[in-house]
Amino acid sequence: MTAGAWRLYLLNSNCDQVDCDAEVSWLTQDLAQHPARCSALVMHYPRFSSGEHGSDVGMARFWAAGVRRARRPDRSPATTTPTSASRH
């Protein structure tokens with residue numbers, strides 16, 4: 001989905017209920033096909049969190065797909081700054 005200059009990804013990261021490998025594969029392909037300057041990934045569970053539930057290493061594959069995209073040479077370093085909320 002796009003909103004202005006932003007490409008938004010609302011991902012289902014409940015890997016015990018969905019095929020997260022397929023979800024990451026789709027994300028990687030879509031990021032490559034839609035080189036928006038600004039992209040946001042939203043998941044059920046955060047990769048990094050200082051909240052009571054802590055970080056979720058299972059989300060590393062989603063995070064890696066986004067970071068690979070952000071680290072392209074034509075991207076601004078500011079796009080690699082992580083932001084995430086605590087798990088509910």
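In the block above lies the structure referred to throughout.
Residues numbered from 1 in each chain as written. Predicted model: local features only at pLDDT ≥ 70, side-chain atom pairs only at ≥ 80, totals over all residues. Heavy atoms only, no water.

A. Representation of the overall build of the chain. When its secondary structure is counted, the chain shows two helices and three strands. Along the chain, from the amino end to the carboxyl end, the secondary structure elements read β-β-α-β-α. Looking at the 88 residues of the chain, the share that counts as buried comes to 28%. For the chain, the share of sequence-separated contacts (at least 6 apart) that also reach a separation of at least 24 residues comes to 65%. As displayed, the chain offers around 5,700 Å² of accessible surface, 55% of which is attributable to carbon and sulfur atoms. (Helix = DSSP H or I, 4+ residues; strand = E, 2+ residues; numbered from the N terminus. Buried < 20%, exposed > 50% of the residue type's maximum accessible area, 1.4 Å probe, protein only. Contact = heavy atoms within 4.5 Å. Areas by Shrake-Rupley, 256 points an atom, 1.4 Å probe, with all protein chains shown as cover.)

B. Looking closely at a nonpolar patch on the surface. On the surface, a cluster of nonpolar side chains totalling about 320 Å² of accessible area is made up of M1, L10 and V42. Along the chain, L10 turns up in strand β2 (residues 6-10). (Patch = residues over 30% accessible without salt bridge, like charges linked within 9 Å, V, L, I, M, F, W, Y side chains within 5 Å. Salt bridge = Lys/Arg side-chain N within 4 Å of Asp/Glu carboxyl O.)

Note that all results are geometric; they support no functional claim without further evidence.
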